[in-house]
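One-letter residues, chain by chain:
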Amino acid sequence: MPMQNEEFAYREYVPELPEGERFTEHHIKVRKADVSRYVFIPGSHLRGRRMAEMLDGVRLVSATRGYYLYSGTCKGVFMTVCSTGMGGPVTAIAMEELGRLGADTFIRVGSAGAVQEFLGVGDITVATATYRGGGTSYRYLPAGFPAVADFTLTRALVDAANQAGARLHTGVCAAGDAFYGPDDEREQALLKKAGVLAIEMESDTAFVLGHYHNWRVAAGFVLDGGPARDILESSAAGMAIANHGTNEEFRNGEEALIRIALEAMATVAREDERS
């Protein structure tokens, strides 16, 4: 679907403001009227654009400081996509500033690496909670506080995934913020024994911010690794990670996850209207 500002090629874009108006947020540079309360927070900017292209009447509303924001409608519901890049700190900044503009319902649409043997590339995981292996969430709530997804939003994701016939796995995931940090084999073995499904980099922060601010937050991931299916072509030397651009299992799973997230958000929005 063509979008306004088609010249956009991952460069800075800040909309002009009417005379007398000013931006209130330091990083994302958007107006309150341009942002929905219903927001998707993919890490990948390409995934964010793919999500945006599935919205009706979509337009780029800001591209600054590594954040790319689009707004449009899906099934009549005004929604926003804000791709954040990688890690808890940038995710927290985006959520804080979007929250001040009225956003209160967030779905992370990400990728993750499998922990369990029965998982494989293209599978979809919905996190019910996340092991807090990153640092940002501890600036908000202490170590004893769990990073748990919002039940209503998570249920909507699970229902949409089941209706779509996705290869769905639901349970506890893990997040960390040192992608290339030294492996801790003891911790990895413990997480696997505890049934952790997959690991990524943002959901611990997102869930804790949800609790801290009383926002609804859920997260779904398409897996880019796992023993259940061949990777064929790795995107990283010495690491078993499927190429996101060429692996058909991954790309099909990513598209399915995007559609599932859109359906789940529309469902929750309709429930909000009725309540």
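This is a predicted model, so every value here is computed, not measured. (Residues numbered from 1 in each chain as written. Predicted model: local features only at pLDDT ≥ 70, side-chain atom pairs only at ≥ 80, totals over all residues. Heavy atoms only, no water.)

Draft legend 1. Region of the structure containing the packing of helix α2 (residues 88–100) against helix α5 (residues 203–213). Remark: α2 packs on α5, axes separated minimally by 9 Å, with the N-to-C direction vectors making an angle of 35°. As for how α2 packs across α5, the hand of that crossing is right-handed. Two secondary-structure elements touch here, α2 through Gly88, Ala92, Met95 and Glu96 and α5 through Thr205, Ala206, Leu209 and His213. Of the residues contributing to the contact of α2 with α5, the split by class is four nonpolar, three polar and one charged. (Axes fitted to C-alpha atoms, helices over the stretch in contact; angles between N-to-C directions. Helix = DSSP H or I, 4+ residues; strand = E, 2+ residues; numbered from the N terminus. Left-handed = near helix turned anticlockwise from the far one by under 90°. Contact = heavy atoms within 4.5 Å. Nonpolar A, V, L, I, M, F, W, Y, C, P; charged D, E, K, R; others polar.)

Draft legend 2. Summary view of the pairing of strand β4 (residues 77–83). Across the seven residues that make up β4, a large majority, six, are buried. Strand direction decides the pairing type here: strand β1 (residues 38–40) and β4, joined by two bridges, are parallel. Residue pairing across strands places Phe40 opposite Val81, the latter belonging to β4. Hairpin geometry of strand β3 (residues 67–74) and β4 is characterised by an intervening segment of two residues between the two adjacent antiparallel strands and by a positive phi of about 55° at Lys75. (Buried < 20%, exposed > 50% of the residue type's maximum accessible area, 1.4 Å probe, protein only. Pairing = 2+ DSSP bridges.)

Draft legend 3. The pattern of salt bridges, seen in detail. Counted according to the given criterion, the structure contains 20 salt bridges. We note a salt bridge from Glu202 to Arg108, for which the minimum N-O separation is 2.5 Å. Here Arg108 lies in strand β5 (residues 105–114) and Glu202 lies in the loop between β9 (198–200) and α5, a separation of 94 residues in the sequence. We note that Glu202, like Arg108, is buried. Salt bridges sharing partners connect three or more residues here, namely Glu21, Arg31, Asp34 and Arg59. (Salt bridge = Lys/Arg side-chain N within 4 Å of Asp/Glu carboxyl O.)

Draft legend 4. Local environment of α5. Of all the eleven residues making up α5, eight are buried; the element is thus mostly covered by neighbouring parts of the structure. Among the residues of α5, Ser203, Asp204, Thr205, Ala206, Phe207, Val208, Leu209 and Gly210 are the ones counted as buried. Just past α5, the residue Asn214 takes up positive phi, approximately 65°.

Draft legend 5. Structural view of the side chain of Ser137. As for its placement among the helices and strands, Ser137 is situated in the loop between β6 (124–133) and β7 (147–148). Judged by its relative accessible area of 0%, Ser137 falls in the buried class. In contact with Ser137, not counting residues within four places along its chain, are Arg132, Asp204, Thr205 and Val208.

By themselves, these are just geometric observations and shouldn't be taken as functional.
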